[in-house]
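# A closer look at the structure
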Amino acid sequence: KVGVSIYKFDDNFMTLYREEIANYFKSLNDGNTYDVTIQDGKGDQAEQTNQIDNFIQQGYDVLIINLVQSTSAATVIDKCATAGVPCIFINREPEKADMDLYDGKDYAGKYTYVGADARQSGKMQGELVADLADKGDLNKDGTLQYVMVVGDPENVDAKYRTEFSISQYGEKSGLKVEKLDEQRGDWDQAKGQEIVANALVKFGDKIEVVFCNNDGMALGAAQAINAAGRTVGKDIYLVGVDALEEAKQLIKDGKMTGTVLNDHIGQSHTAVDAAVKAVNGDKLEKYYWVDYVKVSPDNVAEFLKK
Ligand code: GAL
């Protein structure tokens, strides 16, 4: 019995991720039967904690948890440790101190984090812009004027992508940067659209690049850019992360500058493999990392569904 709780179902990327968890469990042909229950944390930690308590009470063999609040990791780890139930954290990385909590104790090797290093995705976004012929500096003033659309800070991905996209851009391009605006869009398309629409009204042609922490918000940004009569690739640039199918299509059509593949297939399979290992009594590593991949007009065809 496998209990899965996703921070909320209404999230583009985590929807692909959870569907692949279910598919991959079904495809396993290892002599075990997996009874997989996937629940919606509804963005509410109390609700999710309740789900976890129920999984434990009902004797589930392993949990796969996409925390609502990463700061709740210690509580969840303690509950699972007391019950002796292995726990695989995905997508929202717990603090290192929490991952170290059971070092040297029995429960170490029974919980793990499976994810991708968000610093890498941020750096790749910076490179996608720095590698453009004009380095994104459309007005040639030696400074990149940009807008940053930030994800939900409960996921450290938001912090790292915001920081590392800009630091890596500066390093690779040798140009200066000027932040015109930075707003929190919680990974959400509608919020991304609203934020970028407002920024376009406020800053107009000054904006050279819109960095979005994910593609959901970048899809919203693309709508706002269109509505404002601006043209990606000509008078503005736009980058995201995740490589959602719609974003890849926009890149192919020249309506988005680039994205970074957040490999939900690799991550979900690694998480399921770890869960299976744990049920079989094998010791888990503390971390399992899956790489990001840069997606630009040059290679987008390789990533589009055939
Ligand atoms: C990120 C992903 C976002 C969102 C978030 C949820 O890794 O890029 O689109 O799904 O996780 O925590």
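For the structure given in this document, a descriptive report is provided here. Every value quoted in this text rests on a predicted model; they were computed, and no experiment measured them.

### A short note on empty space enclosed by the protein
Scanning all chains against the criterion turns up 3 cavities of 30 Å³ or more. The space that makes up the largest cavity amounts to roughly 100 Å³. Every residue along the wall of the largest cavity is listed here: Tyr7, Asp11, Phe13, Met14, Asn91, Asn155, Asp157, Arg161, Trp187, Asn214, Asp242 and Asn262. Secondary structure elements with two or more residues in the lining of the largest cavity: α1 (12-27) and α6 (156-173). Of the residues that constitute the lining of the largest cavity, the class distribution is 4 nonpolar, 4 polar and 4 charged.

### Some remarks on the site of the ligand
Close contacts around the ligand come from 13 residues, with Asp11, Asn91, Asp157, Arg161 and Asp242 the closest. With respect to the ligand, the side chain of Arg92 contributes an N or O atom lying 3.0 Å from an oxygen atom. The separation between an oxygen atom of the ligand and a polar side-chain atom of Asp157 is 2.6 Å. If the ligand stood free it would expose 310 Å²; the protein chains cover 99% of that surface.

### Quick notes on the layout of surface pockets
With a probe scaled to a water molecule rolled over the atoms, the places where space remains empty come into view. One number sums up the size of the largest pocket: a volume of about 360 Å³. If you go around the largest pocket, you meet 19 residues; those closest to its centre are Leu16, Ala243, Glu245, His264 and Lys305. The set of elements that each furnish at least two residues to the lining of the largest pocket consists of α1, α9 (245-252) and α10 (264-279). Element by element, the count of residues in the lining of the largest pocket is highest for α1, at 6 residues. Here the second largest pocket defines a volume of roughly 290 Å³. Taken together, 15 residues form the lining of the second largest pocket, with Glu93, Pro94, Glu95, Val156 and Tyr160 sitting closest to its centre. Of all the elements in the fold, those that place two or more residues in the lining of the second largest pocket are α6 and β11 (287-289). It is α6 that contributes the most residues to the lining of the second largest pocket, 3 residues altogether. Taken together, the residues of the lining of the second largest pocket sort by class into 6 nonpolar, 3 polar and 6 charged.

### Comments concerning the pairing of strand β4 (residues 87-90)
The side chains of a regular strand alternate, first on one face of the sheet and then on the other. Of the two faces of β4, both are covered, the one formed by Cys87 and Phe89 as well as the one formed by Ile88 and Ile90. As defined by bridge partners, strand β3 (residues 62-65) adjoins β4 across 3 bridges and the pair is classed as parallel. For Ile65, the partnering residue across the bridge sits in β4 and is Phe89. The parallel pair β3 and β4, bridged by helix α3 (residues 73-83), forms a crossover whose chirality is right-handed. Pairing between β4 and strand β5 (residues 111-115): 4 bridges, direction parallel. Its bridge partner being in β5, Phe89 is matched across the sheet by Tyr113.

### Quick notes on the environment of Lys277
Summarising the element assignment, Lys277 is placed in helix α10. Overall, the relative accessible area of 36% leaves Lys277 in the partly exposed class. C-alpha of Lys277 to C-alpha of Gln249: the two residues are 28 residues apart in sequence and 37 Å apart in space. Among all residues touching Lys277, those that are not within four sequence positions of it are Asp282, Leu284 and Tyr288.

### A closer look at the pattern of salt bridges
As enumerated under the stated definition, the model contains 18 salt bridges in all. With a closest N to O distance of 3.4 Å, Asp152 and Arg92 form a salt bridge. Of this pair, Asp152 sits in the loop between β6 (143-150) and α6 while Arg92 sits in the loop between β4 and α4 (96-99), and the two are 60 residues apart along the sequence. Each of Arg92, Asp152, Arg184, Asp186 and Lys191 takes part in one network of salt bridges that share partners.

### Here's the deal with the packing of aromatic side chains
Scanning all chains against the criterion turns up 10 aromatic pairs. Measuring from centroid to centroid gives 5.8 Å for Tyr113 and Trp289, while their planes differ by 70°, and the two rings are edge-to-face. Taken together, the residues span a long stretch of sequence, with Tyr113 in strand β5 and Trp289 in strand β11 at a distance of 176 residues. Taking the relative accessible area as the measure of exposure, Tyr113 reaches 1% and is therefore buried. Owing to a relative accessible area of 45%, Trp289 belongs among the partly exposed residues under this scheme. Measuring from ring centre to ring centre gives 5.7 Å for Tyr146 and Phe211, while their planes differ by 90°; the resulting arrangement is edge-to-face. Of this pair, Tyr146 sits in strand β6 while Phe211 sits in strand β8 (residues 209-212); the two residues are 65 residues apart in sequence, bridging distant segments of the chain.

### Some remarks on the pairing of β8
By the alternation rule, side chains of β8 split into Val209 and Phe211 and Val210 and Cys212, which are all buried. Where β6 and β8 come together, 4 bridges link them in parallel fashion. Bridging from a neighbouring strand, Met148 pairs with Phe211 of β8. Bridge count between β8 and strand β9 (residues 237-239): 3 bridges; the pairing is parallel. Residue Val210 lies in a different strand from β9, and its bridge partner there is Leu238. The handedness of the β8 to β9 crossover, carried by helix α8 (residues 215-227), is right-handed.

Basis of the calculations
Residues numbered from 1 in each chain as written. Predicted model: local features only at pLDDT ≥ 70, side-chain atom pairs only at ≥ 80, totals over all residues. Heavy atoms only, no water. 1 Å grid on protein atoms, 1.4 Å probe; cavity = no way out; pocket = protein on both sides within 12 Å on 5 of 7 lines; lining within 4 Å. Points joined across faces, edges and corners; volume = space filled by probe spheres on them. Helix = DSSP H or I, 4+ residues; strand = E, 2+ residues; numbered from the N terminus. Nonpolar A, V, L, I, M, F, W, Y, C, P; charged D, E, K, R; others polar. Near = heavy atom within 4 Å. Polar contact = N/O pair within 3.5 Å; in protein donor to acceptor, adjacent residues only side chain to side chain. Areas by Shrake-Rupley, 256 points an atom, 1.4 Å probe, with all protein chains shown as cover. Buried < 20%, exposed > 50% of the residue type's maximum accessible area, 1.4 Å probe, protein only. Pairing = 2+ DSSP bridges. Right-handed = clockwise from strand over helix to strand, strands pointing away. Contact = heavy atoms within 4.5 Å. Salt bridge = Lys/Arg side-chain N within 4 Å of Asp/Glu carboxyl O. Phe/Tyr/Trp six-rings, centres within 6.5 Å; stacked < 30°, edge-to-face > 60°.

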